[in-house]
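As a plain string of letters, each chain reads:
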Amino acid sequence: MKFIKINENDNVAVAIEKLAKGTVINCGENTVEVVDEISAGHKVALKDIECGTPVVKYGYTIGNALQDIKAGQWIHTHNIKTALDGILDYTYAPTEIRSLKAPKARTFQGYRRKDGKVGIRNEVWIIPTVGCVNGIVKSLEKEAQKFITENIDAVVAFPHPYGCSQLDADQENTRHILADLVNHQNAGGVLVVGLGCENSSIEILKKYIGDYDENRVRFLKCQDHEDEISDGLQMLRELVEYASSSQREEIDAGELVIGLKCGGSDGFSGITANPLCGRFSDMLVSLGGTAILTEVPEMFGAETILMNRAKDKATFEEIVDLINDFKLYYEKEGLPIYENPSPGNKAGGISTLEDKSLGCTQKSGDSLVCGVMKYGESVSQKGLNLLSAPGNDLVASTALAASGAHIVLFTTGRGTPFACPVPTIKISSNSALYEKKNNWIDFNAGPIVENSGIEETADKLFDFILDVASGKKLKSELSGYRDMTIFKKGVTL
C-alpha cells in the first residue's frame with residue numbers, strides 16, 4: 001500500500017511511502033496523477049481544492065487552502081493555513097458511544113501497598129524540595145546504588161530548579177507535583193531532601209503530602225545536619241530495607257492507570273500509534289481501568305469530539321473550561337494560541353494544529369470522558385480522564401506521572417530518548433524509526449499499515465504493557481534515563 005485515505009469524506013490521502021512525480025493513485029472514485037514528489041507521511045490532494053475552502057483529513061477540516069490546489073499536488077504549510085480561532089462558545093451535543101466489547105479478564109504482577117494502592121515498580125525515590133540541593137540528591141543517588149537489593153527496581157533522584165523564589169500558582173504547581181510524587185505508588189520508599197530556608201520547605205510540603213507512613217517517607221533538612229550525605233545515606237539504607245519487604249502479587253488489570261502522550265508526531269501518528277493507544281485505552285477502560293489524556297493545546301481543533309463524549313453536561317462544562325482556560329493563558333501572555341505544530345511535526349507531514357490535534361486525540365479511543373483534572377491533581381475517577389497540562393513532552397509526562405499514572409504510553413514519529421518518573425513506553429508510528437532507534441523505541445505501531453491489523457497489534461500492546469507492569473524493563477530504564485519537569489508559570493523573584 002503506497003497511500004491511505006483515512007475517511008471516506010477526505011479530500012487528501014497520506015503517502016505511506018515516498019510517491020514519485022507521475023505516480024498514479026486510485027482511491028475509490030478518484031484516480032490521481034501525483035504532480036509533486038510526496039514524502040512518506042505527507043498529504044496529496046485527491047481532487048481540486050479551491051482557495052479558502054476546507055482541506056479535509058480524518059473526516060474533519062484541518063485548515064483552509066491558501067491558494068487553488070490541483071489534484072495530485074502536495075499539501076503542506078505552503079498552501080494550507082489553520083482555520084482555528086480564539087475563545088469559542090460550545091454546545092453540548094452528546095455522541096452515541098459505541099458499545100465496547102470487554103476483553104477477557106487480565107492480571108499483572110504488581111505491588112499492593114499498605115494504603116491499598118497498587119504500584120508496578122518498587123523503587124526508592126529521592127525528591128528535593130528546592131533546586132539548591134540538586135547536587136546533594138544526585139550524590140545520594142550515586143552512593144545509594146550499593147544498597148539496591150534483588151527486590152528494589154531502582155534508587156533514583158529527581159532534581160529540578162524550583163521550590164523557591166516562586167509566587168502564587170507557580171509555587172502551588174511545584175508543591176502539588178512534589179507531594180504527588182512523594183505519594184506515588186511506584187515508590188516503595190521516599191527520601192525528601194530540603195535545604196531549610198526555601199519557600200516550599202519540608203514543613204510546608206508535609207501539608208500537601210497529607211498522612212504518610214513514617215517508615216516509607218523520610219525527611220532530610222540539610223542545614224540541620226553536619227554531614228548531610230552520611231545521614232542521608234543512612235536514611236536511604238533504611239528505606240531500601242523497608243521497601244525490600246514488598247513482594248509482587250497478582251493484581252487485576254482494571255487497577256492500572258495509564259497516561260497517554262505523544263511527542264515528535266509525524267503523518268503516521270494519527271494512522272498507527274495514536275489510534276493504537278486509543279484501542280488499548282478502550283480495552284483498559286472496559287476492564288475497569290483508567291486512562292489519562294493530556295496536552296490541552298493539542299486538543300485545539302478536535303476538542304468538540306471530546307466534549308461530545310462527556311459523560312454528562314457537568315463534565316462537558318469542565319472540558320469547555322479546560323480548553324478555554326488554556327487559550328486565556330496564551331492570550332494573557334500576548335502569544336498566539338495556535339503556535340503549533342513544531343518543526344519536527346512539519347518535517348514529518350503535519351501541516352496545522354488541527355492536523356496534529358485530530359491525530360493526537362485518537363489516543364483517547366471512543367470511551368466516555370468520565371473526569372477532568374486540574375494540573376497537579378491526583379486521579380480519582382475510573383475510566384477516561386482529561387488532565388490539564390501543556391504539550392511539552394517532559395512537562396506533560398511528569399504531570400501524568402504525578403496524577404497517578406503507573407505507565408506513560410508515549411507515541412512518536414520522530415523519536416526521543418527521555419523518560420518521566422514512571423516507565424515511559426516509546427511507541428513508534430513507523431517501522432523505519434523503530435529499526436533506526438531500536439535503543440529508544442519499545443514498541444512498533446508501523447505494522448498497522450504494513451501487514452497487521454490494529455486489533456492484532458492492540459492485543460500485542462496490551463500483553464506488552466502487562467509485562468512492563470509485571471517488571472519488564474524498558475529501553476529508557478535500562479539506559480538509566482529519568483526526567484522530572486514542573487510547569488513553570490509566572491515570575492521568578
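None of the values given here were measured: they were computed from a predicted structure.

Calculation criteria
One numbering rule holds for all chains: residues counted from 1, following each sequence as written. Only residues with pLDDT of at least 70 are given local features in this predicted model, and only at 80 or more are side-chain atom pairs given and counted; all residues enter the totals for whole chains, interfaces and linings. Hydrogens and waters are ignored; side-chain quantities use all the structure's heavy atoms. All axes are obtained by fitting lines to C-alpha atoms, using only the stretch in contact for helices, and the reported angles, taken between N-to-C directions, cover 0 to 180 degrees. Numbered from the N terminus, helices here are DSSP runs of H or I no shorter than four residues, and strands are runs of E no shorter than two. By convention, the crossing between two helices is left-handed when the near helix turns anticlockwise from the far helix through less than a right angle, and right-handed when the turn is clockwise. Should any heavy atoms of two residues lie within 4.5 Å, those residues are considered in contact. Classification convention: Asp, Glu, Lys, Arg as charged; Ala, Val, Leu, Ile, Met, Phe, Trp, Tyr, Cys, Pro as nonpolar; all other residues, Gly among them, as polar. Each patch groups residues whose relative accessible area exceeds 30% and which form no salt bridge, using 9 Å between like charges and 5 Å between nonpolar side chains of Val, Leu, Ile, Met, Phe, Trp and Tyr. In this description, accessible areas are obtained by the Shrake-Rupley approach with a 1.4 Å probe, and a residue is regarded as covered only by the protein chains that are shown. Whenever a carboxyl oxygen of Asp or Glu lies within 4 Å of a side-chain nitrogen of Lys or Arg, that contact is scored as a salt bridge. Charge assignment in this entry is limited to Lys and Arg as positive and Asp and Glu as negative, and neither His nor the chain termini are counted. Charge positions are represented by NZ for Lys, CZ for Arg, CG for Asp and CD for Glu. Type-normalised accessible area, obtained with a 1.4 Å probe on protein chains alone, sets the label of each residue: buried when under 20%, exposed when over 50%, and partly exposed for intermediate values. One bridge is not enough; two strands pair if DSSP finds at least two bridges between them. By convention, orient the strands away from the viewer: a clockwise path from the first strand over the helix to the second makes the crossover right-handed. Any pair of N or O atoms that falls within 3.5 Å is considered a polar contact. Within protein, one atom must be able to donate a hydrogen and the other to accept it, and sequence-neighbouring residues count only if both atoms are side-chain atoms. An angle below 35 degrees is treated as roughly parallel, one above 145 as roughly antiparallel, one from 65 to 115 as roughly perpendicular, and anything else as oblique.

Student: How should I be thinking about the packing of helix α5 (residues 273–286) against helix α12 (residues 454–469) in this particular structure?
Tutor: Each pair of packed helices gets described by two things: the angle between the helix axes and the distance between those axes. For the pair α5 and α12, interaxial distance at closest approach is 9 Å and the crossing angle is 65°. Both α5 and α12 take part in a crossing whose hand is right-handed. Along the contact surface, α5 presents Pro275, Leu276, Arg279, Phe280, Met283 and Leu284, while α12 presents Ile454, Glu455, Thr457, Ala458, Asp459, Leu461, Phe462 and Ile465. Per-class residue counts for the contact of α5 with α12 are ten nonpolar, one polar and three charged.

Student: Is there a simple way to explain a negative patch on the surface in this structure?
Tutor: On the surface, a cluster of negative charge is contributed by Asp312, Glu318, Asp321, Asp325 and Glu377. Within the secondary structure layout, Glu318 lies in helix α7 (residues 313–332).

Student: Can you walk me through the environment of Leu384 in this structure?
Tutor: Position of Leu384 relative to the elements: it lies in strand β20 (residues 383–387). Taking the C-alpha atoms as reference points, Leu384 and Arg113, separated by 271 residues in sequence, lie 24 Å from one another.

Student: Where do I start with the pairing of strand β13 (residues 154–157) in this structure?
Tutor: Within a regular strand, the side chains alternate between the two sheet faces. Neither face of β13 is exposed, since Ala154 and Val156 on one face and Val155 and Ala157 on the opposite face are all buried. As defined by bridge partners, strand β12 (residues 123–128) adjoins β13 across four bridges and the pair is classed as parallel. Residue Val124 lies in a different strand from β13, and its bridge partner there is Val155. Note on the crossover from β12 through helix α1 (residues 134–144) to β13: the handedness is right-handed.

Student: Sorry, what's going on with the pattern of salt bridges here?
Tutor: Where side chains of opposite charge bring their charged atoms close, a pairing between them can arise. A complete count under the given rule lists 23 salt bridges for this structure. We note a salt bridge from Arg121 to Glu477, for which the minimum N-O separation is 2.9 Å. Of this pair, Arg121 sits in the loop between β11 (118–119) and β12 while Glu477 is found in helix α13 (residues 475–479), placing the two residues 356 residues apart along the sequence. Across this residue pair, the class does not change: Arg121 and Glu477 are buried. Through salt bridges that share partners, Lys261, Glu295, Lys363 and Asp393 make up one connected network.

Student: Can you help me understand the sheet that holds β20 in this one?
Tutor: Where strands meet in a sheet, backbone hydrogen bonds hold them as pairs that are either parallel or antiparallel. Pairing in this open sheet of seven strands is parallel, and the strands run β19-β20-β18-β17-β21-β22-β23 from one edge to the other. Strands with a single pairing partner mark the edges of an open sheet, and in this sheet they are β19 (369–373) and β23 (443–444).

Student: Sorry, what's going on with the sheet that holds β11 here?
Tutor: Strands sit in the order β11-β10-β16 across an open sheet of three strands; the sheet is antiparallel. Looking at which strands have only one partner, the edges of the open sheet turn out to be β11 and β16 (249–252).

Student: How should the side chain of Gln185 be read in this particular structure?
Tutor: Assignment of secondary structure puts Gln185 in the loop between α2 (168–182) and β14 (187–194). Residue Gln185 is classed as buried on the basis of its relative accessible area, which comes to 11%. In terms of polar contacts, Gln185 uses its side chain to reach the backbone carbonyl oxygen of Gly404, at 3.1 Å. Engagement of the side chain of Gln185 in a polar contact is seen with the side chain of His406, the distance being 3.3 Å.

Student: I tried to follow the packing of α1 against helix α4 (residues 228–243) on my own but got confused; where do I start?
Tutor: Relative orientation of the contacting elements α1 and α4 amounts to 50°, with a least axis distance of 10 Å. Classified by the angle their axes make, α1 and α4 are oblique. Crossing of α1 over α4 shows right-handed handedness. Where α1 abuts α4, its residues Ile136, Ser139, Leu140, Glu143 and Ala144 lie against Glu228, Ile229, Gly232, Leu233 and Leu236.

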